[in-house]
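Overview (structure and organization)
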Amino acid sequence: MSVVSRQDAADAATGARDAGGGDALRLSDIHMTFRSRGRRRREVVAVDGVSVSVGRGEIVGLVGESGSGKSTLGRVMAGLQVPDSGTVTIDGTAYQGRRGITPGFHGAVQMVFQSPAASLNPKMTIRSILGYAARRAGVPRDGVGSAVSAALEEVGVTPPDRFLGRFPHELSGGQQQRVALARALLHRPAYLVADEPTSALDVSVRVQIIKLIREIQAHHRMGILFITHDLSVVRALAQRALVMYRGDIVEEGDIDDVFARPQHEYTRRLLGSTPQLVPPQDAA
Ligand SMILES: Nc1ncnc2c1ncn2[C@@H]1O[C@H](COP(=O)(O)OP(=O)(O)OP(=O)(O)O)[C@@H](O)[C@H]1O
Ligand SMILES: [Mg+2]
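Residues numbered from 1 in each chain as written. Chains lettered and ligands numbered in written order. Predicted model: local features only at pLDDT ≥ 70, side-chain atom pairs only at ≥ 80, totals over all residues. Heavy atoms only, no water.

Named according to an unreviewed UniProt entry, the chain is ABC transporter ATP-binding protein originating from Jiangella rhizosphaerae. Here the chain is described in UniProt, under the heading Sequence similarities (unreviewed entry), as follows: "Belongs to the ABC transporter superfamily." (UniProt positions renumbered as here; feature names shortened; annotations may be inferred.)

Our next topic: the pattern of salt bridges. Here the structure, examined in full by the defined rule, presents seven salt bridges. Taking the shortest distance from any N to any O, the salt bridge between Glu58 and Arg240 comes out at 2.6 Å. Here Arg240 lies in strand 11 (residues 240–245) and Glu58 lies in the loop between strand 2 (42–55) and strand 3 (59–64), a separation of 182 residues in the sequence. There is no split in this pair, since Glu58 and Arg240 are both buried. (Salt bridge = Lys/Arg side-chain N within 4 Å of Asp/Glu carboxyl O. Helix = DSSP H or I, 4+ residues; strand = E, 2+ residues; numbered from the N terminus. Buried < 20%, exposed > 50% of the residue type's maximum accessible area, 1.4 Å probe, protein only.)

Turning our eyes to something else, we now look at the sheet that holds strand 4 (residues 85–90). Taken in spatial order, the four strands line up as 2-1-4-5 in an open sheet, and their pairing is antiparallel. Among the strands making up the open sheet, the edge pair consists of strand 2 and strand 5 (93–94). Relative to strand 2, strand 1 (residues 24–36) runs antiparallel, the two sharing 11 bridges. Bridge pairing in strand 2 places Ser36 opposite Arg42. Sheet contacts for helix 2 (residues 70–77): strand 1, strand 2 and strand 4; angle to strand 1, the most-contacted strand, approximately 125°. (Pairing = 2+ DSSP bridges. Contact = heavy atoms within 4.5 Å. Axes fitted to C-alpha atoms, helices over the stretch in contact; angles between N-to-C directions.)

Quick look at the structure:
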């Protein structure tokens, strides 16, 4: 399904464009509390009334300490987690309703995860993993082979024929993450949520995957929420930064502003605790 037809679907729908308007994936007043069962009932407020958006064609970096709710927010954005309350809209139209995902938005938001090994079925070959995704994305049966090869080409797993018969464990970590990206791309998503997609990779591979994500974004003009602990990655990739702290977005702004003039105490601490690769006095 093309981006254009999704746009048409959005326009043809109720007409209830939200006040923010514009092409964006928008979360409004999202609440999500986890309750543990058992004798000692515990409640964790993972997301506490968050409103954020990712514009079409924009890369937004989401940072924050462990447990601050980043992944939960990302899963809500990708439609993998139904929040306790709040709404998710795409270009002004509800992404999900009582009858599931709004027609026209199936596959519109894709997610890639930290551990590609865990997100790829170990019992399936690359051919079947990607073929299955292509079928789900609506590719006709006789077009699946070429769609899968094209997706592998796009993420640099080449020549595709050499990899189609392999199982995920026969690929390197970087190649696995490329396949996970190819699987997402087969859906022609308008938005991508990338949850720490480089944290499990070696530094040199990390740089390649970041480059690839940037190329993919430039080519497809998708909107990306990039979740990471690594502030240097956000700086290299994103136009806008969101800082999450204990279930809330405590700072949001243009990437250069957030780095140059952090407003929130927590952001200052986060920036202060980032090891600098080149200390300023040695830079020259
Ligand atoms: N399925 C779940 N059941 C119970 N509690 C959960 C669940 N998912 C997340 N939580 C809790 O919600 C809070 C936020 O978790 P989340 O995974 O969103 O944080 P995070 O910012 O992604 O952390 P990290 O940087 O470690 O990945 C944590 O306290 C976590 O333990
Ligand atoms: Mg997480």
